[in-house]
Amino acid sequence: MPERSSTRAARYMSQQSAAEYADCTVRTIRNLIARGDLTGYRLGARAIRVDRAELDALLVPIPTAGDRR
(Lines give C-alpha, C1' and ligand atoms only; values in the text may rest on other atoms or scores of the structure.)
Protein backbone atom coordinates (compact mmCIF):
# COMPACT_ATOMS: atom_id res chain seq x y z
CA MET A 1 0.00 0.00 0.00
CA PRO A 2 1.51 3.37 -0.97
CA GLU A 3 2.37 5.84 1.73
CA ARG A 4 0.27 9.02 1.92
CA SER A 5 2.13 12.16 1.09
CA SER A 6 2.12 14.67 3.92
CA THR A 7 2.45 17.53 1.43
CA ARG A 8 -0.76 16.64 -0.45
CA ALA A 9 -4.01 17.36 1.36
CA ALA A 10 -6.43 14.44 1.48
CA ARG A 11 -9.70 14.97 -0.37
CA TYR A 12 -11.77 13.08 2.21
CA MET A 13 -11.32 13.66 5.92
CA SER A 14 -12.75 12.35 9.16
CA GLN A 15 -15.33 14.33 11.07
CA GLN A 16 -12.68 15.19 13.67
CA SER A 17 -10.25 16.44 11.01
CA ALA A 18 -13.03 18.39 9.30
CA ALA A 19 -13.93 20.06 12.59
CA GLU A 20 -10.30 21.03 13.21
CA TYR A 21 -9.96 22.27 9.61
CA ALA A 22 -13.12 24.43 9.89
CA ASP A 23 -12.34 25.46 13.48
CA CYS A 24 -15.65 24.16 14.80
CA THR A 25 -16.85 21.17 16.80
CA VAL A 26 -17.50 17.62 15.64
CA ARG A 27 -21.12 18.20 16.68
CA THR A 28 -21.33 21.05 14.13
CA ILE A 29 -20.00 18.74 11.39
CA ARG A 30 -22.55 16.08 12.37
CA ASN A 31 -25.35 18.68 12.35
CA LEU A 32 -24.32 19.86 8.88
CA ILE A 33 -24.46 16.26 7.66
CA ALA A 34 -27.84 15.65 9.35
CA ARG A 35 -29.32 18.83 7.79
CA GLY A 36 -28.05 17.84 4.36
CA ASP A 37 -25.72 20.85 4.07
CA LEU A 38 -22.67 18.56 3.97
CA THR A 39 -22.51 15.06 2.50
CA GLY A 40 -21.21 12.31 4.74
CA TYR A 41 -19.58 9.32 3.06
CA ARG A 42 -19.54 6.00 4.89
CA LEU A 43 -16.24 4.14 4.82
CA GLY A 44 -16.82 0.67 6.20
CA ALA A 45 -19.27 0.02 8.99
CA ARG A 46 -18.53 3.03 11.19
CA ALA A 47 -16.13 5.52 9.65
CA ILE A 48 -17.67 8.63 8.07
CA ARG A 49 -15.71 10.98 5.83
CA VAL A 50 -16.48 14.40 4.35
CA ASP A 51 -15.16 16.01 1.19
CA ARG A 52 -12.77 18.91 1.89
CA ALA A 53 -13.96 20.81 -1.22
CA GLU A 54 -17.59 20.54 -0.09
CA LEU A 55 -16.63 21.85 3.34
CA ASP A 56 -14.77 24.76 1.72
CA ALA A 57 -17.85 25.55 -0.37
CA LEU A 58 -19.91 26.04 2.80
CA LEU A 59 -17.72 28.95 3.86
CA VAL A 60 -19.35 32.15 2.58
CA PRO A 61 -17.81 35.59 3.05
CA ILE A 62 -19.82 38.06 5.09
CA PRO A 63 -20.28 41.39 3.28
CA THR A 64 -19.14 44.47 5.16
CA ALA A 65 -20.81 47.89 5.16
CA GLY A 66 -18.35 49.13 2.52
CA ASP A 67 -18.84 46.10 0.28
CA ARG A 68 -22.02 46.82 -1.72
CA ARG A 69 -22.12 44.14 -4.42
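Predicted, not measured: the structure shown is a model, and the values here were computed from it. (Residues numbered from 1 in each chain as written. Predicted model: local features only at pLDDT ≥ 70, side-chain atom pairs only at ≥ 80, totals over all residues. Heavy atoms only, no water.)

Further remarks concern the sheet that holds strand 1 (residues 12-14). Picture the strands of a sheet paired through backbone hydrogen bonds; they go either parallel or antiparallel. Strands sit in the order 1-3-2 across an open sheet of 3 strands; the sheet is antiparallel. Because the sheet does not close on itself, it has two edges, and the strands there are strand 1 and strand 2 (40-43). Between one strand and the next, the sheet's axes are offset by a mean angle of 45 degrees, whatever the strand orientation. When strand 1 meets strand 3 (residues 47-51), the two strands line up antiparallel, connected through 3 bridges. In the sheet register, Tyr-12 faces strand 3, and the bridge partner there is Asp-51. Across the sheet, helix 1 (residues 15-22) is in contact with strand 1 and strand 3; its angle to strand 1 comes to roughly 100 degrees. (Pairing = 2+ DSSP bridges. Helix = DSSP H or I, 4+ residues; strand = E, 2+ residues; numbered from the N terminus. Axes fitted to C-alpha atoms, helices over the stretch in contact; angles between N-to-C directions. Contact = heavy atoms within 4.5 Å.)

Moving on to the nonpolar core. Listed in full, the 9 residues of the largest apolar core are Met-13, Ala-18, Ala-19, Val-26, Ile-29, Leu-32, Leu-38, Val-50 and Leu-55. Put simply, the parts of the chain that give this core at least two residues each are helix 1 and helix 2 (26-35). Per element, the largest residue contribution to this core is 3 residues, and it comes from helix 2. (Core = buried A, V, L, I, M, F, W, Y, C linked by side-chain atoms within 4.5 Å. Buried < 20%, exposed > 50% of the residue type's maximum accessible area, 1.4 Å probe, protein only.)

Take unusual backbone geometry next. Positive phi is not limited to glycine here, since Asp-23 has a value of about 55 degrees. Tracing the chain through its elements places Asp-23 in the loop between helix 1 and helix 2.

Our next topic: the packing of helix 1 against helix 2. Contact geometry for helix 1 and helix 2: axes closest at 8 Å, N-to-C directions at 105 degrees. Accordingly, the angle class assigned to the pair helix 1 and helix 2 is roughly perpendicular. Every residue of helix 2 that contacts helix 1 at Gln-15, Gln-16, Ala-18 and Ala-19 is listed here: Val-26, Ile-29, Arg-30 and Ile-33. Tallied by class, residues from the contact of helix 1 with helix 2 come to 5 nonpolar, 2 polar and 1 charged. (Parallel < 35°, antiparallel > 145°, perpendicular 65-115°, else oblique. Nonpolar A, V, L, I, M, F, W, Y, C, P; charged D, E, K, R; others polar.)

Residues spaced three or four apart along an α-helix point in a common direction, a consequence of the helix completing one turn every 3.6 residues. Listed in full, the buried residues belonging to helix 1 are Gln-15, Ala-18 and Ala-19. Angularly, the buried residues of helix 1 cover 100 degrees about the axis, an arc narrow enough to put them on a single face. In this structure, the buried residues of helix 1 make contact with strand 1, helix 2, strand 3 and helix 3 (52-58). Residue Asp-23 follows helix 1 closely and has a positive phi angle near 55 degrees. (Arc of directions from axis to C-beta.)

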